[in-house]
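Listed here are the chains, written in short residue letters.
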Amino acid sequence: MDIERTLAALTLPEKAALLSGKNNWYTAAINRLDIPALMMTDGPSGLRKQDSSAGANDINAAVTAITYPAAALNASTWNQPLLRQLGEHLGEEARAEQVSLLLGPGVNLKRSPLGGRNFEYFSEDPLVAGKLGSAYVQGVQSKHVGVSVKHFAANNRENQRFTASSDMSQRTLRELYLRTFEIIIKAALPATVMTSYNKINGTLNSQNQRLLRRILRDEWGFHGAVMSDWGAVADHPAALRAGLDLEMPGKGQASVDEIIHAVETGELDEGTLNKSVRHLLHVVDNWLPAPKPGKYDHVAHHQFARKLADDGIVLLKNHQQELPLTPDHAGKVVVIGELADHPRYQGAGSSHVNPSDLVTPLAALKKSGLSADYYPGYRIDQSETDDSLVQTALKAAKTADHVIIFAGYPASAESEGFDKSSLMLPENQTDLIGSLSKVNAHTTVVLQNGSAVEMPWIQNIAAVVETYLAGEAVGEATWDVITGAVNPSGHLAETFPLKLTDTPMSPTFGQDPHHEYYSEGIFMGYRYYDTHEMHVLFPFGHGLSYTSFEYTNLAIDQNERGATVTFDVTNTGDYAGQAVPQLYVANHASHAPMPTKELRAFTKIMVEPGKTEPVTLKLERRDFSWWCERNHRWQADSGDYEIMIGESSRDMRLQTKLTMDFKNSPAPVTSETYLSTIIQDPELLKIFKETIIAPQANGDNSGNPFVDTDENGESLALQDRMFLNMPLRAVIALGTPAKLINNFIFVANQRR
C-alpha cells in the first residue's frame, strides 16, 4: 500500500471510520480504496475466535482450538525459546483462522496475589515478564500475525478497573510497571499495544499523552498502532489527541460522527487525526490476513501444549523424595478430589478457549502406568463439607501407600472482571487435606489454581505439585511429572506468602473504589519480602527437581558499560534435568532506597547426570541503574555492587562483590545546558539535529538561525561562538518553539 497516497485519498468520514472498530472483532474496511478489514481475537493461551453464529457477548462461544497453559504456568518455565515456540504455534493457528491480530500477551505485574487476572499474567518481576513476553511476541509475529501487548499500563486490579487510578511515584512506575512493556517494545516490535482501563495518577490511560506519546513513541520508539481495551475510551477526541489510534470495539456511527464533529469544530486537528490513520494503515498493510482458511496439525499442537505444561509445572515440596511415584514402586495409590475428573485447566473471561482435546488427570491415569482408585472427596461447586464423600475417601486413604489429592479454586473464584478476597482454598478442600495428612503421611497435593495459595496444612504434607492452569493436556502433564517421566523444572515467577496479611498492600488493596495507592513503591513481591527478611511459604524463583545441581567457578569480566558473568552448573544427581540459574544484583552504591537484590538475568539449561555446562550471562549499564526522579532519567552510580547466582531469591549458590566505575556517566541535560556542551558531545549533537533542527527545516522558519546552513548542510548557528555561549532556555528567544526544546531535553536524557 502507498500509505501517503491512500491517506490523501481518504475522506474525513472514512478516516473516522477507520479509527473505530467496525464491530467487536473487526476494523473497518474502505472498499473503494481496497482497504480490507482486519480480524482480531483473544488469544493469550489459545484462540478465542468468536463463532460466527454466536452473539457478540457470548465469550464462551468460540471455535475449537488448542488450549495452552495459562501465562502463570508458562512463566514458570523460565524458558524463552519455549515461549517463542508457543508464539509460533499460536501464530500458525491464527493464520489458519485468518486472524490478523492476536490480543495478547497480557504482561501486567502480579502486584497482589488477590489480582483477579493474575493467571493471565506472567510474573511479579518485570524482567521475567519482559523477556518471556518478548519471546512470545516474536514467535507469533514470525507467522505473519500481529499481537496486541496489553494492558498498558499499571492495570493490577480488576475491581473498578474502568475508573480506578493507580497512584504511584515515577520511580515505581518506571522501574516496575512500565519496564516490562519497554523490554517488549524495544526487543520484539509488536504490531499494536492495548491501553488499559485504569488511570495513572489521575489521568485515564486512553487519554494519557505522556504515556502514549512521550514515553511509548518518543522515548521507546514504538511505530505500531495503539488500541483501546474494549470500552476503555471515555472521550474519543481527547484520546486521539493523546495518542490513541483505534477505539475498540467502537460505538458504530456514533464514533464516526463524534470524530467528524471534533474536526469540524476545531476540537481535533486533522493533522493529529492523520497520524492515527497513518499508524492504522501501516498495521493493515503489514498484517493482512491469509487469503483463505488453512489447517494445522491439532495432534502435534496438543503435544506441544503437553510439553509446555511439562516444562512449567513446579515441584514445590518433596519431603524425603516422596516423588516420583514410579509405576514399579508406587504400591497402592489412591486419587482423591473432584478436580481429577473435572479439572481447572484455564482461566475465565477473555482467556476462555474451547479445547480441542481435553485430557483430564483421571483419564490420563490409565496411560501413566500407575494403578489407582479414585474418590471425589468433595464437590468443586460448593465449599461445605460432604461427610459421606469425606469418610469414604479417608477410609481408602488409611490403607494406601500413597495418596494424591487434587485441589484448587473453582472457576467462579478466579476470572477477569473481579478480584479475589482470600488466598485460602475452599473450606471443604482445606479440611479434607488436613484430615488426609493425619491418616496418611504419604500425601501429595496437586494444585490447580491461577495464583498463590495459603497452605495451613503444608507441614504435614509430603509433596506439593503446582500445575496452575495447565491447559488441555493437564492430565498427561500432571502424571508426566508425578511418575518421573518428566523431571520437573518449573520455578515460581511469583512469591507465595505465608498468609495474605503478609503482603505489603493487604491493608489497602481494592479498598478505595477510586484510587489504588502503590504505597509500597518499588518494594513489591520478593523485593519486599527479601528486604524485610520475612518468612514466605515459597520464594520467588523457587522450584525443586528430582536431581541436584552444583554451581562453581564464578568469574566476572567488567568494564564501564557492564559486566559478563560466567560460571559452571554441574548435575550431581541421577536424573537429567533443567537448571534455572538466576542472577541477582545488590546495589550498595546508590543513596536511594534499594531492595536487597533484584533479578537482572536468567537462563534455563539442560544438564545430563555427572555433566557440567558453562553459563554466560551479560549485564548492561541499565542493569545497574535506577530511575532518578529529580533528573528524569536512568542513573548508574559508581560504587560497590554484589553479584549473586541462585535457584531462587532465597537460595544463593555463588556470590561476589565488584566495584563499578561509571565515571563516564554524563550530566543530565537541562534548560541550563549550553550549546557549546551539546556540540562537543556527538550523541547530543545528533539528537539536537533530529529534534530541534530537522522539525524546523520543513516549515516557514525565516530568521531562525538553526535552519540556515553552509555548503555542507551544517547549521551556521552551531558554528557561531556567540550562539554557542547560550543555554537552551535562551534558544527559545531565537524562534525555536519551547516544545521542541523540552522534547530535546527529554529525549537526550533518555538515550544517554
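Here the structure is a predicted model, which is why all the values come from computation and not from measurement.

A. Region of the structure containing the side chain of threonine 673. Here threonine 673 is to be found in the loop between β30 (651-660) and α18 (675-679). The class for threonine 673 is buried, based on a relative accessible area of 10%. Within the structure, the side chain of threonine 673 is placed 2.9 Å from the backbone nitrogen of threonine 670, a separation counted as a polar contact. Sequence-distant contacts of threonine 673, that is, excluding residues within four places in its chain, are made with Pro668, Ile678, Met726, Pro727 and Leu728.

B. Inspection of empty space enclosed by the protein at higher detail. For the coordinates displayed, the defined rule picks out 6 cavities of 30 Å³ or more. Counted as a void, the largest cavity has a volume near 170 Å³. Along its surface, the largest cavity is lined by 14 residues, and Glu175, Arg179, Arg527, Arg600 and Arg622 are the ones closest to its centre. Sorting the residues of the lining of the largest cavity by element identifies α5 (126-141), α6 (170-177) and β24 (598-602) as the ones contributing at least two each. Considering every element that reaches the lining of the largest cavity, the biggest residue donor is β24, with 3 residues. Of the residues assigned to the lining of the largest cavity, the class counts are 5 nonpolar, 1 polar and 8 charged. The calculated volume of the second largest cavity comes to roughly 90 Å³. Taken together, 14 residues form the lining of the second largest cavity, with Lys110, Arg111, Pro113, Glu124 and Thr495 sitting closest to its centre. Residue composition of the lining of the second largest cavity, by class: 6 nonpolar, 4 polar and 4 charged.

C. Summary view of the nonpolar core. Counting 140 residues, the largest nonpolar core has Phe152 and Met455 as its most contacted members. Sort the elements by how many residues they give to this core and α5 lands first, with 8 residues. Those residues within four positions of methionine 455 in sequence are excluded, and the remaining contacts are Leu316, Leu447, Val464, Phe496, Leu537 and Phe538. The next biggest cluster of nonpolar side chains, apart from the first, holds 39 residues, and it includes Leu19, Leu103, Tyr197 and Ala225.

D. Just the pattern of salt bridges, in detail. Counted under the stated rule, the structure contains 42 salt bridges. Arginine 653 serves as the salt-bridge partner of aspartate 651, at 2.9 Å between the closest nitrogen and oxygen. On the accessibility criterion, aspartate 651 (29% relative accessible area) is partly exposed. Look at arginine 653 and you get partly exposed, because its relative accessible area is 32%. Overlapping salt bridges, with partners in common, bring together Arg117, Glu120, Lys150, Glu158, Arg161 and Glu416 in one network.

E. Just the sheet that holds strand β18 (residues 515-517), in detail. Sheet architecture is open: 4 strands sit in the order β8-β7-β5-β18, paired in mixed fashion. Edge positions in the open sheet fall to β8 (203-204) and β18, since each of these has one partner strand only.

Scoring rules and cut-offs
Residues numbered from 1 in each chain as written. Predicted model: local features only at pLDDT ≥ 70, side-chain atom pairs only at ≥ 80, totals over all residues. Heavy atoms only, no water. Helix = DSSP H or I, 4+ residues; strand = E, 2+ residues; numbered from the N terminus. Buried < 20%, exposed > 50% of the residue type's maximum accessible area, 1.4 Å probe, protein only. Polar contact = N/O pair within 3.5 Å; in protein donor to acceptor, adjacent residues only side chain to side chain. Contact = heavy atoms within 4.5 Å. 1 Å grid on protein atoms, 1.4 Å probe; cavity = no way out; pocket = protein on both sides within 12 Å on 5 of 7 lines; lining within 4 Å. Points joined across faces, edges and corners; volume = space filled by probe spheres on them. Nonpolar A, V, L, I, M, F, W, Y, C, P; charged D, E, K, R; others polar. Core = buried A, V, L, I, M, F, W, Y, C linked by side-chain atoms within 4.5 Å. Salt bridge = Lys/Arg side-chain N within 4 Å of Asp/Glu carboxyl O. Pairing = 2+ DSSP bridges.

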